[in-house]
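# Architecture at a glance
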Amino acid sequence: MPATSPSRQQALHLLVGVWVLALLVSLPFFLFSLGQYEKEVTQRLENLADYKEEALQNWIQQMDVALLRLARLPKITAAVTQPYDLTPDPSSVFNQHHFLNETLESYLSPFGPFLEVFMLDSAGQVVYSSDPEQLGKNKASRRYFIQGQHTAYIQNIYHSVTLRSAAMTLARPLHLQQPDGSQEFKIGVIAARADLSKLNRLMAAGDSSSQTQIRSYLVNKYNFFITPPNPDEAADFTYPRPTHTRGVHACLQNRPLQGVYLDHRGVRVRGTARWLPQHQLCLLVEEDYTSRYQVFGQQFLGVFLLLIPLSLVIWWLAPRLGYLQEERKYQPGQVDTRFLSLLGHEIRTPLNGIIGMLALLQEGRLDPEQRQQARVADASAQQLLNLLKYLIARARQGNHPVKDQTEALHWQDINESLEMLLRSFTRSADHKGLKLHFLPAPQLRSREVQANLTLLLQLASNLIENAVKFTESGSVTLGLKARLLPGNQEVEIQMSVADTGPGIAETDQKKIFQPFHRLNNQQKSPATSLGLGLAISSELSEQLQGHLALQSTPGQGSCFTLTFVAPVRRAVKTSQ
């Protein structure tokens, strides 16, 4: 089997680095978006439950208003007071009341809200009904007649033995007024049976903003479905149909419910429930449960699809780029700037997308803790982008120092920048039980410093990382001190990182800033330590035109102090 060419091997190493970097940058955003996803789903279910509850109340009120209009029609009272012979053919009465049929047509299904409208005299006998089979029957023992003689009455949805289905009846008293308007007499009751198919359609209407189908349905206090639990089952829905789920039981006991449980099909759903005491009904709103792993997998798939074309481009360009061609010979450490420019552009494109999304995220509705986490993630991404630009610039110039760094100098509030940097180490410090402390410089609270923030943050990051890595208990403190120089145009800054670790012996303090130097006590040194962090930090301090010093006592801890001078000015307020 032929050996892989060196260019392909380097390209493979580069691809692995790009994938690892992309995954590490995307992971905090993935974890944050998972929490937001669950909150959005719960809020969406709650909003739909509020809407369904309000729609149910409006539907009942509309029927009550329609029945009130009928009760005030003169034709209705005339039909009750006019005597009719109900025997031997009750259907003849229906024909005698033909003048009412046209009046009630707009109130009956499919044009109106009622399946049946009927009137009862003061004895409870049906004197008119849109259903001729009900004429002449006595309803004096029915609750809607007893209550309807005195006031408006809405009977909760119940199981009708006669109809063999769920039913809902509304009733209102009928009054006859004296010609002179001096007195009113109660002469009977007008009642109507609601068309529950309209209630089925009201509950079946889903939420168009959701990617998954949301179902809402009603259950009565006897655990019977009042409306179909699934819109697809409406045609085959039969009553009574019982249900026993954790969501229904919690709702009937008037206990709050927001979570994941098994529905009537035995399928895991995420739902919310409301007990409606005025209607003696339980309203449930549910959607099929999507686990965190599925959401995480979908997000990872999106990053995977973005990285595939990038990987193909790198794999195709790798043999054609100058620093990967075997024919060219380079001096040790020389890097092809064309490839670095291409690589920097490809890495910065998704990184800028992440920074943009974090900025949009901070403009949303977040609680203080989430907003602080988003700010730390945004500051870390900005630091990574600045570091990438700096590394590409250093690689282009080789071992020659930068003579003009004015492009890298900006006016910054270094108190805030260093505090955000320290917060990014909270997780690793908490894992070891360490406390992180930040001591800002009071003299710089209302001032800005012109410095290369990228180098300063990288140096501070190296020192903090070492302190957390080598300290087993106690704390790590990042402190700032400032002294204004004569003229108030420059300031001398001392940035220190102190820990309560094992300390450094005097013999090691003289060599600690040399590359690849590790402490003599190897047992206390982490296996991942290569001895490069302090060497790089020393070089960064020189580029900042400062001095990095060490004070350490074995067994008591260490303190690294960077001293440098930088221009200073009063903080400039910018308008949003």
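Our next topic: the packing of helix α11 (residues 414-423) against helix α13 (residues 453-470). Running from N to C, α11 and α13 cross one another at 40°; their axes reach a closest spacing of 10 Å. Between α11 and α13, the crossing angle belongs to the class labelled oblique. Two packed elements cross with a definite hand, and for α11 against α13 that hand is right-handed. Contacts from Ile414, Ser417, Leu418, Leu421 and Leu422 in α11 reach Leu453, Leu456, Leu457, Ala460, Ser461 and Ile464 in α13.

Tallied over the entire structure, the rule returns one disulfide. The disulfide bridge from cysteine 251 ends at cysteine 282, spanning 1.9 Å between sulfur atoms. Of note, the bridge from cysteine 251 to cysteine 282 carries an S-S torsion of about 135° and is right-handed in sense. Taken together, the positions of cysteine 251 in helix α7 (residues 246-252) and cysteine 282 in strand β11 (residues 281-288) put the pair 31 residues apart, joining distant regions of the chain. Note on cysteine 251: relative accessible area 1%, which makes it buried. Exposure remark for cysteine 282: the relative accessible area of 0% places this residue in the buried category.

There is a patch of nonpolar side chains on the surface, built from Leu23, Phe300, Leu301, Phe304, Leu305, Ile308 and Leu312 and spanning about 600 Å² of accessible area. Per-element accounting of the nonpolar patch gives the leading share, six residues, to helix α8 (residues 292-317). Along the chain, leucine 301 falls in helix α8. With relative accessibility at 45%, the residue leucine 301 sits in the partly exposed group.

On inspection of all chains with the given rule, the structure shows two aromatic pairs. Look at phenylalanine 118 and tyrosine 144: their rings are 5.9 Å apart centre to centre, the planes differ by 75°, and that puts the pair in the edge-to-face class. Of this pair, phenylalanine 118 sits in strand β1 (residues 114-121) while tyrosine 144 sits in helix α5 (residues 143-148); the two residues are 26 residues apart in sequence, bridging distant segments of the chain.

With that settled, the discussion passes to the nonpolar core. Judged by nonpolar contacts, the single largest core of 42 residues is most densely connected at Leu418, Val449 and Met495. For this core, the secondary-structure elements that each account for two or more residues are α11, β14 (447-451), α13, β15 (475-484), β16 (490-499), α15 (533-543), β17 (547-553) and β18 (557-570). The element that contributes the greatest number of residues to this core is α13, accounting for 10 residues. Contacts of leucine 418, omitting those with residues within four sequence positions, involve Phe438, Leu457, Ala460, Leu478, Leu480 and Met495.

This part takes up the pattern of salt bridges. Counted according to the given criterion, the structure contains 14 salt bridges. Close ionic contact of aspartate 367 with lysine 39 constitutes a salt bridge, the shortest N to O distance being 3.7 Å. With aspartate 367 in the loop between α9 (337-362) and α10 (368-397) and lysine 39 in helix α1 (residues 6-71), this residue pair connects regions lying 328 residues apart in the sequence. Look at lysine 39 and you get partly exposed, because its relative accessible area is 45%. Measuring nitrogen to oxygen at the nearest pair gives 3.6 Å for the salt bridge that ties arginine 193 to glutamate 116. Taken together, the residues arginine 193 in strand β7 (residues 184-194) and glutamate 116 in strand β1 connect sequence positions 77 residues apart. The pair formed by arginine 193 and glutamate 116 is uniform in burial state, with each residue classed as buried. When salt bridges that share partners are traced, they join Glu46, Asp50, Glu53 and Arg274 into one network.

In this section: unusual backbone geometry. Residues other than glycine predominantly adopt negative phi, and peptide bonds predominantly adopt the trans conformation. Look at the link from serine 109 to proline 110: it is a cis peptide, with omega at 10°. By the secondary structure assignment, proline 110 is in the loop between α4 (98-105) and β1. Within the chain, asparagine 223 stands out as a residue other than glycine whose phi angle is a positive 70°. Looking at the secondary structure, you find asparagine 223 in the loop between β8 (214-220) and α7. In the Ramachandran plot, glutamine 280 falls in the positive-phi region, its phi being about 55° despite a non-glycine side chain. A relative accessible area of 27% places glutamine 280 in the partly exposed class.

Estimates place the volume of the largest pocket at around 1600 Å³. Around the largest pocket, the lining comprises 38 residues; the ones closest to its centre are Pro28, Val376, Ala377, Ser380 and Ser424. Broken down by secondary-structure element, the contributors of at least two residues to the lining of the largest pocket are α1, α9, α10, α11, α12 (426-432) and α13. Per element, the largest residue contribution to the lining of the largest pocket is 12 residues, and it comes from α10. Residue composition of the lining of the largest pocket, grouped by class: 19 nonpolar, 13 polar and six charged.

Attention now goes to the side chain of serine 417. By the secondary structure assignment, serine 417 is in helix α11. Discounting residues that sit within four places of it in the chain, serine 417 has contacts with Gln412, Leu453 and Leu457.

In this section: the pairing of β16. Within a regular strand, the side chains alternate between the two sheet faces. Burial along β16 is one-sided: the residues Val491, Ile493, Met495, Val497 and Asp499 are buried and none of Glu490, Glu492, Gln494, Ser496 and Ala498 is. As paired strands, β15 and β16 are joined by nine bridges and run antiparallel to one another. Residue pairing across strands places alanine 482 opposite isoleucine 493, the latter belonging to β16. Between β15 and β16, which pair antiparallel in sequence order, lie five residues; one of them, glycine 487, sits at a positive phi of approximately 95°. The pairing of β16 with β18 spans nine bridges and is classified as antiparallel. Within β18, the residue paired with glutamate 492 across the bridge is valine 565.

Axis separation between α13 and α15 bottoms out at 9 Å; the angle between their running directions is 155°. Our classification of the angle between α13 and α15 gives roughly antiparallel. Crossing geometry of α13 relative to α15 is assigned as left-handed. Of the residues in α15, those touching α13 at Leu455, Gln458, Leu459, Asn462, Leu463 and Asn466 are Gly533, Leu534, Ile536, Ser537, Leu540, Ser541 and Gln543. Here the residues of the contact of α13 with α15 are counted per class, giving six nonpolar, seven polar and no charged.

The rules behind each value
- Residues numbered from 1 in each chain as written.
- Predicted model: local features only at pLDDT ≥ 70, side-chain atom pairs only at ≥ 80, totals over all residues.
- Heavy atoms only, no water.
- Axes fitted to C-alpha atoms, helices over the stretch in contact; angles between N-to-C directions.
- Helix = DSSP H or I, 4+ residues; strand = E, 2+ residues; numbered from the N terminus.
- Parallel < 35°, antiparallel > 145°, perpendicular 65-115°, else oblique.
- Left-handed = near helix turned anticlockwise from the far one by under 90°.
- Contact = heavy atoms within 4.5 Å.
- Disulfide = S-S within 2.5 Å.
- Buried < 20%, exposed > 50% of the residue type's maximum accessible area, 1.4 Å probe, protein only.
- Patch = residues over 30% accessible without salt bridge, like charges linked within 9 Å, V, L, I, M, F, W, Y side chains within 5 Å.
- Areas by Shrake-Rupley, 256 points an atom, 1.4 Å probe, with all protein chains shown as cover.
- Salt bridge = Lys/Arg side-chain N within 4 Å of Asp/Glu carboxyl O.
- Phe/Tyr/Trp six-rings, centres within 6.5 Å; stacked < 30°, edge-to-face > 60°.
- Core = buried A, V, L, I, M, F, W, Y, C linked by side-chain atoms within 4.5 Å.
- 1 Å grid on protein atoms, 1.4 Å probe; cavity = no way out; pocket = protein on both sides within 12 Å on 5 of 7 lines; lining within 4 Å.
- Points joined across faces, edges and corners; volume = space filled by probe spheres on them.
- Nonpolar A, V, L, I, M, F, W, Y, C, P; charged D, E, K, R; others polar.
- Pairing = 2+ DSSP bridges.

Function-wise, these values are silent; they only describe arrangement.
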